[in-house]
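Summary of structural features
Below are the chains, spelled out letter by letter.
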Amino acid sequence: MSLQRMLNLHYVLVLVLCVSASEDFDWTKNERGSFYYGTFPTGFSWGAGGSAYQTEGAWDKDGKGMSIWDVFAHKKGKIFLNDTADHSCEGYYKFKDDITLMKDMKFNHYRFSISWPRIFPNGIKADHINEKGIKYYDDLINMLLDNNITPIVTLYHWDLPQVLQEKYGGWQNVSMVNYFNDFANLCFERFGDRVKYWITFNNPWSSAVEGYETGEHAPGLKLRGTGAYKAAHHIIKAHAKVWHTYDTQWRSKQKGLVGISLLADWGEPVDIINQRDIEAAERYVQFYMGWFATPIFNGDYPQVMKDYIGRKSAQQGLGTSRLPVFSSQEKSYIKGTCDFLGIGHFTTRYITQKNYPSGRGNSYFTDRDLVELVDPRWPDPGSEWLYSVPWGFRRLLNYIKTQYGNPMIYVTENGVSEKVQRCTDLCDDWRMQYFKDYINEMLKALKDGVNVKGYTAWSLLDKFEWDEGFSERFGLFYVDFLNKNKPRYPKASVQYYKRIISSNGFPNQREVESWKRKATETCSSSNQLLAGKQRNILTLIDPLTSHMEMVTEIVVPTVCTLCILLAAVFLMFLLRGRF
């Protein structure tokens with residue numbers, strides 16, 4: 001099929017710039033097909049997730065130290081509307097209520113992270129161990145197990161202790177490998193008798209690229225063309241060291257598993273018979289997921305990364321590649337350090353070749369020589385980066401099967417957000433459709449022979465969404481951030497996902513078609529209740545003296561943000577004109 005024919009097939013495939021193929025992966029297989037009715041194997045694990053900084057709040061309570069995100073979010077202009085997660089969902093105080101929600105949904109597992117600075121306030125074991133922090137996670141783990149919910153624990157979900165950033169430069173410094181290993185080892189010692197699923201790092205791509213290349217995330221450094229590669233190099237070493245520590249010191253006693261969770265959006269060639277597009281799509285996936293997965297499974301970086309970064313580094317007059325090198329000993333040490341692979345997946349891009357001249361400067365993004373495109377027909381719930389493209393999920397899972405020897409996979413993040421500029425609706429029909437389509441593609445992949453063992457909806461609660469603050473909501477449960485008690489309200493997707501869990505899949509067409517109708521039966525009254533409470537709070541606010549407070553602290557979390565903001569501005573101008 002020619003490129004022109006492909007473009008015609010996808011209307012005007014608007015080229016939105018966001019901006020050595022695998023021999024045994026057939027890019028023409030697993031085409032988008034009809035819905036598949038069937039169920040998952042007995043023992044398939046269902047759950048949801050969250051992370052410490054996004055949900056816990058209590059940022060300076062009970063001996064917790066500062067994290068890089070505490071510092072970053074408190075800097076004006078770094079987060080949308082200067083939001084912080086100082087309080088967020090108050091999960092530190094409300095975890096018992098949240099476990100009750102999980103029990104009602106009949107979750108098999110819950111994925112959460114342990115805050116490094118809540119355990120080691122200064123990041124270093126020798127300085128101080130915070131027993132109050134350990135007690136919090138002890139209580140959380142024990143209550144999950146009391147309710148037959150398996151804890152899946154992430155050791156690093158981006159909240160590096162600030163002291164380590166200030167003293168050593170964070171993940172730019174190889175000393176983080178040993179400090180992280182000390183933290184992980186204490187977690188194994190204190191919690192490993194009950195925790196059997198450990199994730200070392202969540203989405204290290206984001207920690208490296210957005211933390212040390214673009215500066216969009218904490219610690220906010222812009223070390224273009226070098227910082228992300230160096231951070232990733234140390235993160236991979238740290239992962240391997242922690243895996244070996246568990247393997248040699250704890251596995252025989254605790255019988256657990258240690259893996260890593262990688263973000264993996266799918267890249268589809270614009271033209272599936274054009275070799276340049278196929279190679280560009282392969283590069284996209286390798287520079288994304290393969291950057292971390294290939295060393296962990298095969299012992300070294302993807303060859304295409306070494307080739308492209310090495311060539312561009314030479315063209316820029318550098319004596320060595322900007323991509324660091326693993327020694328022979330390190331390659332052997334890193335290879336095979338994965339008992340299971342966690343996959344976070346949200347969306348897909350079309351990929352085509354684009355040559356970036358080396359004279360444009362160092363950049364992870366220009367090193368790839370490609371362009372990311374989207375199809376304007378893909379459903380877009382409001383978040384500018386997240387389009388619903390379910391068929392890409394099946395193709396990604398099959399690619400992992402082919403590329404890495406069919407490892408055990410747990411889907412550790414999958415979900416869809418809405419922007420608060422759209423009136424947040426508890427009747428979240430788009431989220432129900434997203435879960436239906438993506439989980440069904442996962443079921444198809446399982447039937448293809450992919451070794452998927454569990455699925456984690458992202459996320460249990462609305463929460464702090466990093467540089468987007470509270471302007472994006474991923475939760476199954478709506479959190480009223482305006483209320484100091486942070487009450488939770490179930491969206492329709494709660495009942496929908498609950499029915500998928502209870503049926504262990506999609507048993508038959510008649511039953512599945514009734515789920516959405518049943519799930520929306522109660523959300524209308526819940527919407528009215530929530531809106532009434534929001535109105536009652538807003539009527540207490542003087543629109544003149546509290547206008548700016550409304551914009552920065554109240555408007556964002558309210559049910560219909562844009563409507564309220566416009567009304568407030570309109571009222572201000574009316575009053576100015578009167579006086």
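Within any chain, residue numbers begin from 1 and follow the written order of that chain's sequence. Reporting in this predicted model follows two pLDDT cut-offs: at least 70 for local features of residues, and 80 or more for side-chain atom pairs to be given and counted; totals over whole chains, interfaces and linings ignore these cut-offs and use all residues. Processing note: side-chain calculations cover all non-hydrogen atoms of the structure and skip hydrogens and water entirely.

What follows deals with the sheet that holds strand β9 (residues 348-353). Backbone-to-backbone hydrogen bonds pair the strands of a sheet. The strands run either parallel or antiparallel. Two strands pair if DSSP finds at least two bridges between them. Helical segments are the DSSP runs of H or I of at least four residues, strand segments are the runs of E of at least two, and each set is numbered from the N terminus. Pairing in this open sheet of three strands is mixed, and the strands run β7-β9-β10 from one edge to the other. Sheet topology places β7 (266-269) and β10 (370-373) at the edges, where each strand pairs with a single neighbour. Pairwise comparison of adjacent strand axes, ignoring direction, gives a mean angle of 40° for this sheet. Running at roughly 125° to β9, helix α12 (residues 275-298) makes contact with β7, β9 and β10 of the sheet. The axes are straight lines fitted to the C-alpha atoms, using for helices just the contacting stretch, and the angles between their N-to-C directions are given from 0 to 180°. Residues count as neighbours in contact if any of their non-hydrogen atoms are within 4.5 Å of one another.

In this section: the environment of Ile409. As for its position among the elements, Ile409 is in strand β11 (residues 409-414). Once the C-alpha coordinates of Ile409 and Asn451 are considered, the two residues, 42 residues apart in sequence, prove to be 6.0 Å apart. In this structure Ile409 touches Leu341, Ile343, Leu397, Ile400, Val450, Asn451, Val452, Lys453 and Gly454, once residues within four positions along its chain are discounted.

Further remarks concern the state of the cysteines. In this description, a disulfide is simply a cysteine sulfur pair whose atoms lie within 2.5 Å. Summed over the entire model, instances satisfying the criterion amount to one disulfide. With a sulfur-sulfur separation of 1.8 Å, Cys427 is cross-linked through a disulfide to Cys523. Measuring the twist about the S-S bond at about 110°, one finds the Cys427-Cys523 disulfide to be right-handed. Linking Cys427 in the loop between β12 (418-419) and α17 (429-447) with Cys523 in helix α20 (residues 523-538), this pair joins segments that are 96 residues apart in sequence. Across this residue pair, the class does not change: Cys427 and Cys523 are buried. Per-residue accessibility, obtained with a 1.4 Å probe over protein chains only, is compared with the maximum for each type, and a residue is labelled buried under 20%, exposed over 50%, and partly exposed between these values.

This next bit is on the pairing of β11. Of all six residues making up β11, six are buried, and the element is well covered by its neighbours. As defined by bridge partners, strand β8 (residues 341-344) adjoins β11 across four bridges and the pair is classed as parallel. Looking at the pairing, Leu341 lines up with Ile409 of β11. Where β11 meets strand β13 (residues 452-457), four bridges bridge the pair, whose relative direction is parallel.

Moving on, we get to the UniProt feature "active site" (unreviewed entry) in the protein chain. Within this structure's numbering, the places UniProt gives as "active site" (unreviewed entry) are Glu413. Structurally, Glu413 is set in strand β11. Assessed through its relative accessible area of 8%, Glu413 is described here as buried. If we ignore the near neighbours within four places in the chain, the residues touching Glu413 are Arg111, His157, Asn202, Ile343, Gly344, His345, Phe346, Thr456 and Trp458. UniProt positions are given in the numbering used here, feature names are shortened, and annotations may be inferred rather than shown by experiment.

Buried residues dominate strand β4 (residues 150-156), accounting for six of its seven residues. Strand direction decides the pairing type here: strand β3 (residues 109-113) and β4, joined by five bridges, are parallel. Paired with Tyr110 across the bridge in β4 is Pro151. For β4 and strand β5 (residues 197-202), the ladder comprises four bridges, and the chain directions are parallel. Its bridge partner being in β5, Ile152 is matched across the sheet by Tyr197.

Time to look at the side chain of Gln165. Within the element layout of this structure, Gln165 appears in helix α7 (residues 162-168). Apart from residues lying up to four places away in sequence, Gln165 is in contact with Ile68, Leu160, Gly170, Tyr212, Pro219 and Leu221.

Moving on, we get to the pattern of salt bridges. Whenever a carboxyl oxygen of Asp or Glu lies within 4 Å of a side-chain nitrogen of Lys or Arg, that contact is scored as a salt bridge. Overall, the coordinates contain 30 salt bridges when judged by the stated rule. Two residues, Glu418 and Arg431, come together in a salt bridge whose shortest N-O distance is 2.4 Å. Taken together, the residues Glu418 in strand β12 and Arg431 in helix α17 connect sequence positions 13 residues apart. Summarising the burial analysis for this pair, Glu418 and Arg431 share the class buried. Here Arg517 ties to Glu521 by a salt bridge, and the two come within 3.6 Å at their closest N and O atoms. Given the relative accessible area of 54%, Glu521 is considered exposed. A single salt-bridge network, built from bridges that share partners, covers Glu418, Asp428, Arg431, Asp462, Arg473 and Lys491.

What follows is about the confidence of the model for the protein chain. Confidence scores here are pLDDT values: one per residue, from the predictor, ranging 0 to 100. Of all residues in the protein chain, 86% have pLDDT values of 70 or greater, and the mean over the chain is 89. Low pLDDT (under 50) marks residues 1-23, which in the prediction has 44 contacts with non-local residues, meaning those over four places away or in another chain.

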